[in-house]
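Geometric and topological summary
Single-letter residue listing:
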Amino acid sequence: MKQSTLLFLMLLGTFILGAQNIKVSGVVVDAEFGSPLPGVNLLIKGTSLGASSDFDGNFTINDVPLNSVLVVSYIGYRTVEITIINDEPLNIVMQEDAQSLDEVVVVGYGTQKKRDVTGAVSIVNSQTIDDLKPVKVEQALQGTVAGVNVTTQSGAPGAGLDIRIRGVGTNGQSGPTVIIDGYVGDINVINPNDIESITVLKDAQAAIYGTIGANGIVLITTKSGKLGQKTKVAFNSWVGYQEASRKIPLLNATEYGVLLNETYANGGQAIPFPNINTLGVGTNWQNAVLENNVPLINHDFSVSGGSEKITYAFSGSHVYQQGIVAPKKTDFRRNTARLALGAQLSDKIKVSTNVIYTYLDRDSVNDFGLGSVLFNGLNAPPTLSPFQPNGDFSLVPNTPGLGIEIINPLAQIFNTYNDFDLRKLNGTVQVDYDMFNNFTLTSRVGFNTTNQEGKQFFPIINYGGKVFDTQRSSVNQNKQNFNDYSLDIFGTYTNTFAENHNVTLTGGTTVFKEWGTGLFATGFDVPNNSWDFADISLAVGTSGEGVRDVGSFAFDERRLSFFGRLQYDFKGKYLFSAMIRRDSSTKFGPGNQVGIFPSVTGGWVISDEAFFGDGGTVNFMKFRASYGLLGNDQIPANGFIGLLNGEGEYVLDGNVVNGIATGQLPNPNLKWEEAEKFNVGMDLSMLKNRIEITTDYFINNRRDLLIPNIPVSGILGVAAPGAASPTVNAGSVRNTGFEFAINYKEYIGEDFNFGINYNITTLTNKVTEVNNGTGFIEGGAFGVGQPAPSRMEVGLPLGYFYGYKTDGIFQNAAEVAAHPSQTALGAAAQPGDLRFVDINGDGVIDENDRTNLGNPIPDITMGLNFNFNYKNIDFVMYTFASIGNDMVRNYERALTDVNRQSYWLDRWRGEGTSNSVPRLTTAATSNFVFSDFFVEDASYVRIQNVQVGYSLPQTAIEKMGFTKVRIYVGANNLYTFTKYRGFDPGASSGAPIGGGIDFGFYPIPRTYLMGVNLNF
């Protein structure tokens, strides 16, 4: 009986102890430095109980059963498992992974550990994106990734940016393909704070994407919840105030009057301002156009978490930005909502989905080119007041000296009316099925659907006899719908043979379809000449032909692909990967629809060799190489067939009537552009992974470029309206370069740590073939009526500048007489004129003396980024440099009475007064033909971002339920160091030929911001 009672009590005690739940708390620190580790994932094994460590490494998990196993994991550190035997606080010490390379990298249709990657791959994490606070995702790649250059098309709200990976390899579409969570997406519509990581594939590693991989691949992985993670809520808000980051020095009214009097006197005409002293400072049109303290607002929130089998993440964001030019007429709104769900339906089936909705609203003014607001602000005379005494806008005189296109920029802004709205839904649905041991079958559907509307209203307006005068009001409206979907079905087999042979096989198919429609219409005679009535249903007037002005389009393109990849390694030391993809596209004719794109990569982890030693100084070293072929089908559709989209005139019953005719001549032999990519590189970690170094040398050959307008006989009708010469595969471009990136991080005690990242890329671009009959392709524009200033030509960089080279200024008549005649350029030379070089030595300066004047492609790009944390204070600074890029100054109108930049104060006024800036005169000169006088070195160094933050102590916020409260201030585009005279030395229109011609690029704004991060 006593034994039975004792046994019962023991069992009861064991049951009570086993059923007892406790609170587990503690701190997670780094083993080497003892510093706290924030964001560490802690999960009770086999349950949904878990937590993440806070900023100080602290954590708490309630209701934990005794003898449970706590799993502690953190990227870059070894996973730790601890059995819970009591409620004493835990001091968890995490060892950094000896290789520091267990981080998982997305490589397309799968992942790899960073140490196993054999291609040229770069990663931008969410912390970098948070530091930079970009309005658009592309801005986070500038200066943070070697080999990637991002240029602005305009500083206007919502304006596009261009990404170039390892140079420009084609005269067509040269931007990379963006893959968002496995599907082809649009980088312009995603909220940067929704991104977990950005992976850039720069070499033959992108061959798994075949025909869309030639320009590189940008893989975006969005944030999601984690299994066993308790609900996390994050709210971020910041407000910024914008101003122009640069202004161009212009003449004031008195300086303008002095120069204009001199101009007229030199031309033998009466001076326009006999009493200079009355002019004063006058109107600074640039200041009138560019405003300060312009708002920029961002709010976003996210909710994420997970149970044992379900993960979830929901987020929303709102961005509102006004422009520094005409804030009331130029603004940008972006609202996004995203939902990501994952479910482990069984031991074998996992389902996930990620859906993003985006709404964009953008209003704009003419902000680029001849006749833009900024163009008028730079050229309008400072002696003119913006308003007349009665309050009406002043009119810029219609005189030969001011032309017919320069108007009052404030009146131009007032009379600009437009609106653009876009609604986009995109996402994926994915099913992973563990069909049998080591084999997973994945099926994924990705989709995009976009509806956009645009409207422009042109009121009746008189600018004083200018080209922009409008005699009849009109409204243009359009509605467009774009759709695409992709279906990916692929299997992944992973196994290890004979202990040391690791194999991963991936194979599958992709079906991609895109289609869309558009409708355009113009109506005249808008009621009340008012934006309020600007609608096509109310504007019933027609154009001069008496018919409604309408147009439309429709398209349907498809691509079918099959792909396979083998990844093999022996002991994790000898690495090999082979990929092949077969694409067929409807963009090419029946004989050229199929392209096959193979690639191979290899690596050797030399630090794993026995002869390498214990790795005391060098912890990891890997050599790698890659070679492969990729394609590009990003070309206009239907170039292989003839279309009736031209215009024709026919005689019917004795009357001439308008009709349609054949458009561009077809070329049934059109085929893929092909990119041949070679890369060798090395990855190195030193001093216990404090220093990480990556180096790469690359050669990219692009063949079979699509060259338009091949000369053919005029008898084929190519000169008719809407017609054109055919496009053929007849060009090649070669890009070579070197990349070097180094990252250094250091912990000094528990309270202070810092990191420095530096990267540099060199680039040499050369055209190797232009087989179009002339040997070159022209592009771009300069001035009015001048030859194209940019070319693609064999042996020279793509888009180089082609014009006259100067050799100072004629100082006297003797120098003019001794020099070859320049009359062929438009006027006989006089003292004070630019002296052009006789390149071909034939004794005459004419069009045959044009030569290479520079090119817009930088020789070197660099990024230098710095961060430190001291206790609760954090600081970051990002900088970027572009060296060797040239730019054409084309925002100065070649008319006598326009305002000028202040460098004209150093003009030639007599012998010896100047050898760089020519004389001013109303007489004819050749000083304004395109020459190196207008080509400038646009090298620059830009402080992109500076930010200082302070996180409130945990003891001060935990009672309020917060896990993190951080306040910060910062500045974006703080300062640009450059000798270039224009607004933005880093801007480009994006065109491969003519992209570096500056018509007055809208300056990128400098933004001062303040914000708060709240986590709970």
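Model, not experiment: these values are computed from the prediction.

It is worth spelling out the overall build of the chain at this point. Along the chain, the regular secondary structure elements total eight helices and 49 strands. Computed over its C-alpha atoms, the radius of gyration of the chain comes to 33 Å, within 12% of the 31 Å expected for a compact globule of 1016 residues. Overall size of the chain, expressed as C-alpha extent along the three principal axes, is 130 × 70 × 65 Å. Residues counted as buried form 53% of the 1016 residues belonging to the chain.

Looking now at the nonpolar core. Core analysis: the biggest nonpolar cluster contains 34 residues, and L290, I324, V325 and L374 have the highest contact counts within it. Of all the secondary structure elements, the ones that give two or more residues to this core are α4 (285–289), α5 (373–379) and α6 (409–414). In terms of residue count, the dominant contributor to this core is α5 (four residues). If near-sequence neighbours (up to four positions away) are discounted, V325 is found in contact with V289, L290, T330, V365, V373, L374 and Y1002.

The next point concerns the UniProt feature "domain: TonB-dependent receptor plug" (unreviewed entry) in the chain. Within the UniProt annotation, "domain: TonB-dependent receptor plug" (unreviewed entry) is assigned to residues 113–217. The distance from the first to the last C-alpha atom of residues 113–217 is 19 Å, and the span holds 7% helix and 29% strand.

Another aspect to go through is the pairing of strand β13 (residues 177–180). In β13, alternate side chains face the same way, and those of T177 and I179 on one face and V178 and I180 on the other are all buried. Across four bridges, β13 lies against strand β16 (residues 217–222) in parallel orientation. When the bridges of β16 are listed, V178 appears paired with V218. Where β13 lies against strand β14 (residues 183–184), two bridges are found, and the strand directions are antiparallel. Bridged to I180 within β14 is Y183. Hairpin connection, β13 to β14: the antiparallel pair is bridged by two residues, and D181 has positive phi, about 50°.

So, on to the sheet that holds strand β2 (residues 41–44). With antiparallel pairing, four strands are arranged side by side in an open sheet as β3-β2-β5-β6. The sheet is open, and its two borders are formed by β3 (50–52) and β6 (80–83), each paired with just one other strand. The mean inter-strand angle of the sheet, taken between neighbouring strand axes irrespective of direction, is 15°. Judged from the three bridges that link them, β2 and β3 form a sheet pairing that is antiparallel. Paired with L43 across the strands is G50, a residue of β3.

Now for helix α3 (residues 253–266). With 14 residues, α3 extends 20 Å from end C-alpha to end C-alpha; this agrees with the ideal 20 Å at 1.5 Å per step. For α3, the set of buried residues is A253, Y256, G257, L259, L260, N261, E262, T263 and Y264. Trailing α3 by a residue or two, G268 shows a phi angle of about 75°, which is positive.

Take the sheet that holds strand β41 (residues 851–854) next. Spatially, β36-β37-β38-β41 is the arrangement adopted by the four strands of the open sheet, whose pairing is antiparallel. At either margin of the open sheet sits one strand with a lone partner, and together these are β36 (776–779) and β41. Recorded for the sheet is a direction-independent mean angle of 45° between the axes of neighbouring strands. Pairing between strand β37 (residues 790–793) and strand β38 (residues 800–803): two bridges, direction antiparallel. Following the sheet pairing, R791 is matched in β38 by Y800.

So, about the pattern of salt bridges. As enumerated under the stated definition, the model contains 37 salt bridges in all. With a shortest N-O distance of 3.5 Å, E609 and K573 are connected by a salt bridge. With E609 in the loop between β28 (594–605) and β29 (618–632) and K573 in the loop between β26 (549–570) and β27 (574–585), this pair connects stretches of sequence that are 36 residues apart. Residue class for E609 comes out buried when judged on its relative accessible area of 11%. Linking D833 and R919 is a salt bridge whose minimum nitrogen-to-oxygen distance equals 2.7 Å. Highlighted residues: D833 in the loop between α7 (813–818) and β40 (834–836) and R919 in the loop between β44 (886–889) and β45 (935–937), separated in sequence by 86 residues. Both residues of the pair, D833 and R919, count as buried. The network of salt bridges with common partners includes K622, R624, D683 and D696.

Looking at the secondary structure, you find K202 in the loop between β15 (195–201) and β16. K202 gets classed as buried once you look at its relative accessible area, which sits at 2%. Engagement of the side chain of K202 in a polar contact is seen with the backbone oxygen of A146, the distance being 2.9 Å. With residues near it in sequence (within four places) discarded, K202 still touches A120, S122, V145, A146, I165, R166, K677 and E739.

The subject of this paragraph is the environment of N448. Note that N448 resides in strand β23 (residues 439–458). Take N448: its relative accessible area is 4%, and that puts it in the buried class. Remark: the alpha-carbon pair of N448 and Q480, spanning 32 residues in sequence, is separated by 14 Å. With residues up to four places along the chain from it excluded, the contact list for N448 reads Y183, V184, G185, K424, L425, N426, F482, N483 and D484. At 2.9 Å, the side chain of N448 and the backbone oxygen of V184 are in polar contact. Side-chain polar atoms of N448 contact the side chain of D484, separated by 2.9 Å.

Bringing the environment of T79 into the picture now. Take T79: it is sitting in the loop between β5 (69–73) and β6. Accessibility expressed as a relative area gives 52% for T79, which makes it exposed. Spatially, the C-alpha atom of T79 lies 9.9 Å from that of N41, the residues being 38 residues apart in sequence.

Attention now goes to the environment of W515. Examined against the element boundaries, W515 turns out to sit in strand β25 (residues 501–524). As a C-alpha pair, W515 and Y697 span 182 residues in sequence and 39 Å in three-dimensional space. If near-sequence neighbours (up to four positions away) are discounted, W515 is found in contact with N481, F482, N483, D484, Y485, F555 and D556.

Further remarks concern a nonpolar patch on the surface. Taken together, the side chains of Y241, Y870, I873, V948, Y950, I967, V969 and M1010 make up a nonpolar region of the molecular surface, amounting to roughly 710 Å² of accessible area. Among the elements of the structure, β46 (940–951) and β47 (964–978) are those that each provide at least two residues to the nonpolar patch. One can find M1010 in strand β49 (residues 1005–1015).

Reading the values: rules and limits
Residues numbered from 1 in each chain as written. Predicted model: local features only at pLDDT ≥ 70, side-chain atom pairs only at ≥ 80, totals over all residues. Heavy atoms only, no water. Helix = DSSP H or I, 4+ residues; strand = E, 2+ residues; numbered from the N terminus. Rg over C-alpha atoms; globule rule 2.2 N^0.38 Å. Buried < 20%, exposed > 50% of the residue type's maximum accessible area, 1.4 Å probe, protein only. Core = buried A, V, L, I, M, F, W, Y, C linked by side-chain atoms within 4.5 Å. Contact = heavy atoms within 4.5 Å. UniProt positions renumbered as here; feature names shortened; annotations may be inferred. Pairing = 2+ DSSP bridges. Axes fitted to C-alpha atoms, helices over the stretch in contact; angles between N-to-C directions. Expected span 1.5 Å × (residues − 1). Salt bridge = Lys/Arg side-chain N within 4 Å of Asp/Glu carboxyl O. Polar contact = N/O pair within 3.5 Å; in protein donor to acceptor, adjacent residues only side chain to side chain. Patch = residues over 30% accessible without salt bridge, like charges linked within 9 Å, V, L, I, M, F, W, Y side chains within 5 Å. Areas by Shrake-Rupley, 256 points an atom, 1.4 Å probe, with all protein chains shown as cover.

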